[in-house]
Amino acid sequence: MKRYEAVIFDWDGTVMDSTHSITTAIQLASGDLGLPVPSTAIASWVIGLSLESALYRAVPELTAEQMPLFLERYRHHFFQRDPHIKLFDGILDFMTELKNQDVILAVATGKSREGLTRTLGNVHLSDFFTATRCADETQSKPHPQMLYELLDELSLDASDVLMIGDTTHDIYMAETAGLDSVAVTYGAHDPDTLHKAKPTYMVHQVPELRELVLGLVKRPLVS
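Residues numbered from 1 in each chain as written. Predicted model: local features only at pLDDT ≥ 70, side-chain atom pairs only at ≥ 80, totals over all residues. Heavy atoms only, no water.

As recorded in an unreviewed UniProt entry, the chain goes by the name phosphoglycolate phosphatase, listed as coming from Candidatus Paenalcaligenes intestinipullorum. Its UniProt record gives the chain a comment under Function (unreviewed entry), which states: "Specifically catalyzes the dephosphorylation of 2-phosphoglycolate. Is involved in the dissimilation of the intracellular 2-phosphoglycolate formed during the DNA repair of 3'-phosphoglycolate ends, a major class of DNA lesions induced by oxidative stress." (UniProt positions renumbered as here; feature names shortened; annotations may be inferred.)

Engineer: Help me understand the nonpolar core, please; the structure alone is not making it clear to me.
Structural biologist: In globular proteins that are soluble, nonpolar side chains generally tend to be buried together. Counting 56 residues, the largest nonpolar core has Phe 9, Trp 11, Leu 98, Phe 129 and Leu 209 as its most contacted members. Per-element accounting of this core gives the leading share, five residues, to helix α4 (residues 67-81). Ala 131, Ala 158, Met 163 and Ala 174 belong to the second-largest nonpolar core, a separate cluster that totals 18 residues. (Core = buried A, V, L, I, M, F, W, Y, C linked by side-chain atoms within 4.5 Å. Buried < 20%, exposed > 50% of the residue type's maximum accessible area, 1.4 Å probe, protein only. Helix = DSSP H or I, 4+ residues; strand = E, 2+ residues; numbered from the N terminus.)

Engineer: What should I look at first to understand the side chain of Thr 19 in this one?
Structural biologist: Turning to its location among the elements, Thr 19 is positioned in helix α1 (residues 19-32). Judged by its relative accessible area of 13%, Thr 19 falls in the buried class. Other than its neighbours up to four places away in sequence, Thr 19 contacts Gly 13, Ser 44, Ile 47, Asp 166, Gly 187 and Ala 188. (Contact = heavy atoms within 4.5 Å.)

Below, the structure written as structure tokens:
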């Protein structure tokens, strides 16, 4: 059976239950600027992309001139909800088990560095991950550049690493970079959409994710 040395997590919709807050902030900001309000399905589909890329996709009528104000209104609405956003139930215990088994943990996220740093501080996980990469530091998903950079930083081959995400952006990114992937269906993209991206594995709940991944990671040597 294949064993992985490292697990790379997407953040929003995979580790943190933030999908509703992001989609609502996009919708409210659209209304603030008098732009057509995207459906929840469209607003959630863009989660995982870099913020500006996501907004242009979700709100096609948005112009470059309007972007600064839109970003200000988006952040206003998101930050109102930010303190109340929680990790998915069971995800912290699961990641702790991986950490205790000497599995290398990393993050590849569409969040900005400022946003990820703030969030990691809020949930007391700032020192939990060996490496992290954000969309404002490299290419946005589904481009594989952030995974290439993480592999280089961790000195690992793609075959040694498993990517976990809740969107097709994560799955396509992993496939292009040569990583196996786990699609979780409790986040932004629905099971049918994720299935079309052909992830290596698909799970529907955190306990199922835990059982799968703990069976796939390399066990530490017993002396």
